[in-house]
Amino acid sequence: MTRLLITITAHVLLMLAGCAQKPVTQAGFKSQDAVSYVQAHGVKVDMQLPQAFVGASTVVDAEAAQKAASSSHNLIASSGNTAGLAGLLVASLINTQMGSGSLQRDAEKAAVRESLPLASLLAGVPLQERLQQRFQRASQAAGIKQGIGDISARLVIEPKLMLTPDRGSFVLINQVQVQDIAGSALYRMRIEVSSQPIRRCGKQCIDDGTLDLAQVTAVLDECIEESMRVLAADLMLPAPPEAAQETLRYVLNGQRVVERGYQLANTGNYWRYRDLYGAVKSVPVPFEDALTQAQLQTVYGR
């Protein structure tokens, strides 16, 4: 019974910490005029570099959660002996919240510390100029018409790198907007592209923890190109029918991902889907039991 209580409390702590760190994803939006406006007038890319370009996902230490659970169980047991059921519930709630908050703060501090090597590596790169050029070239290569007149659409992109839990790769998260000449949003989307590994193979091909600037920038460029391919395709896609929703499964960086969403047409080495919040995600691994291109065309009526 004691072991069961400790196990349950540990799971609660991990789940609360996970809920606290989950970002709120803005729903996607596309007006009926978005495609026609872009096709008629083209776009001018406006890449807006955030102050904190590099971050890292927070990871709650499982061993620390187990220790916190043991402490919580001891407090709950002592409270239950003297305060009855009400005391037991209050002690459980307070101690669980305190434990979760402490674990979350530790995880956030560790994430900041572990993102520093990549942030320091990129600090010597003129990111504003470089990323502006890369996004512009990638959008043109993806077939998005480039604007030259005064009434061109404004393609606003705010990118951010988030290191994955294993710190061996990152997710390029792009908040994208297409605006008309008046600044009204015609299209809004969150596009997430998971990268290839960025860690350099060390002695005897064992990861030595070092980062190579040329390798990192090459991987980043690949993610930028895929982001613009996703944008070009998504602008043309109709909204997926509710019947197309499915459970998507894949293994990324040794972790199994299971998420409800809508599979989209894949291209090259990337597989794409739209999650239930409206964001489009692209991963460099295939889905399990993926729909074929013919099946996708049937689903989307194309």
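Residues numbered from 1 in each chain as written. Predicted model: local features only at pLDDT ≥ 70, side-chain atom pairs only at ≥ 80, totals over all residues. Heavy atoms only, no water.

### Describing the pattern of salt bridges
Moving on, step 1. Considering all chains together, one arrives at twelve salt bridges under this definition.
Moving on, step 2. Via salt bridges that share partners, Arg130, Arg134, Asp221 and Glu225 belong to a single interconnected network. (Salt bridge = Lys/Arg side-chain N within 4 Å of Asp/Glu carboxyl O.)

### Examining the confidence of the model for the protein chain
Moving on, step 1. Per-residue pLDDT for the protein chain averages 82, and the proportion of residues at 70 or more is 74%.
Moving on, step 2. Scored below 50 in pLDDT, residues 16–23 shows ten contacts in the model against residues more than four places distant or in partner chains. (pLDDT = per-residue confidence, 0-100. Contact = heavy atoms within 4.5 Å.)

### Some thoughts on the packing of helix H4 (residues 127–141) against helix H5 (residues 213–236)
Moving on, step 1. Orientation of H4 relative to H5, taken along the N-to-C sense of each, is 45°, at an axis distance of 8 Å. Classed by the angle they form, the pair H4 and H5 counts as oblique. For H4 against H5, the interelement crossing comes out right-handed. Mapping the contact onto sequence places Arg130, Leu131, Arg134, Phe135, Ala138 and Ser139 in H4 and Thr217, Leu220, Asp221, Ile224, Glu225 and Met228 in H5.
Moving on, step 2. Here the residues of the contact of H4 with H5 sort into six nonpolar, two polar and four charged. (Axes fitted to C-alpha atoms, helices over the stretch in contact; angles between N-to-C directions. Helix = DSSP H or I, 4+ residues; strand = E, 2+ residues; numbered from the N terminus. Parallel < 35°, antiparallel > 145°, perpendicular 65-115°, else oblique. Left-handed = near helix turned anticlockwise from the far one by under 90°. Nonpolar A, V, L, I, M, F, W, Y, C, P; charged D, E, K, R; others polar.)

### Considerations on the pairing of strand S10 (residues 255–263)
Both faces of the sheet carry side chains from a regular strand, because those side chains alternate between them.
Moving on, step 1. Here seven bridges tie strand S9 (residues 246–252) to S10, and the two strands are oriented antiparallel to one another. Counterpart to threonine 247 in the pairing with S10 is arginine 260.
Moving on, step 2. By the bridge criterion, three bridges tie S10 to strand S11 (residues 271–275) in an arrangement that is antiparallel. Residue pairing for S11: glutamine 263 is matched across the bridge by tyrosine 273. (Pairing = 2+ DSSP bridges.)

### Focus on the nonpolar core
The nonpolar side chains of soluble globular proteins are, as a tendency, buried together.
Moving on, step 1. Membership of the largest hydrophobic core comes to 51 residues, with the highest contact counts inside it found for Leu155, Leu161, Phe170 and Leu231.
Moving on, step 2. The element best represented in this core is H5, accounting for ten residues.
Moving on, step 3. If we ignore the near neighbours within four places in the chain, the residues touching leucine 161 are Phe53, Val54, Gly55, Leu118, Leu122, Phe170, Val171, Leu172 and Leu220.
Moving on, step 4. With eight residues, the next largest nonpolar core counts Leu248, Leu252, Trp271 and Phe287 among its residues. (Core = buried A, V, L, I, M, F, W, Y, C linked by side-chain atoms within 4.5 Å. Buried < 20%, exposed > 50% of the residue type's maximum accessible area, 1.4 Å probe, protein only.)

### Side note on the packing of aromatic side chains
Moving on, step 1. This model, assessed by the stated rule, comprises three aromatic pairs.
Moving on, step 2. Members of the aromatic cluster, each reached through a chain of ring pairs, are Tyr250, Tyr273 and Phe287. (Phe/Tyr/Trp six-rings, centres within 6.5 Å; stacked < 30°, edge-to-face > 60°.)

### Considering unusual backbone geometry
Moving on, step 1. Here the phi dihedral of asparagine 253 falls at roughly 55°; this positive angle occurs in a residue that is not glycine.
Moving on, step 2. Along the chain, asparagine 253 turns up in the loop between S9 and S10.

### Some thoughts on the pairing of strand S12 (residues 280–283)
Moving on, step 1. Alternating residues of S12 divide into Val280 and Ser282 and Lys281 and Val283, and every residue in both groups is buried.
Moving on, step 2. As defined by bridge partners, strand S6 (residues 185–194) adjoins S12 across three bridges and the pair is classed as parallel. Of the residues in S12, the one forming a bridge with isoleucine 191 is valine 280.
Moving on, step 3. Counting the residues between successive antiparallel strands, the hairpin from S11 to S12 contains four residues, one of them, glycine 278, with a positive phi of roughly 100°.

### Considerations on helix H2 (residues 34–41)
Moving on, step 1. Restricting attention to buried positions, one finds in H2 the residues Ala34, Tyr37 and Val38. Here the buried residues of H2 occupy an arc of 95° about the axis, which is enough to place them on one side.
Moving on, step 2. Of the surrounding elements, those touching the buried residues of H2 are strand S1 (29–30), strand S2 (43–47), strand S4 (153–163), strand S5 (170–179) and S6.
Moving on, step 3. Once H2 finishes, glycine 42 follows within two positions and takes phi at roughly 75°, a positive value. (Arc of directions from axis to C-beta.)

### What to know about H4
Moving on, step 1. Its 15 residues place the ends of H4 20 Å apart at the C-alpha level, agreeing with the 21 Å of an ideal helix rising 1.5 Å per residue.
Moving on, step 2. Taken together, the buried positions of H4 are Leu127, Leu131, Gln132, Arg134, Phe135, Ala138 and Ser139. (Expected span 1.5 Å × (residues − 1).)

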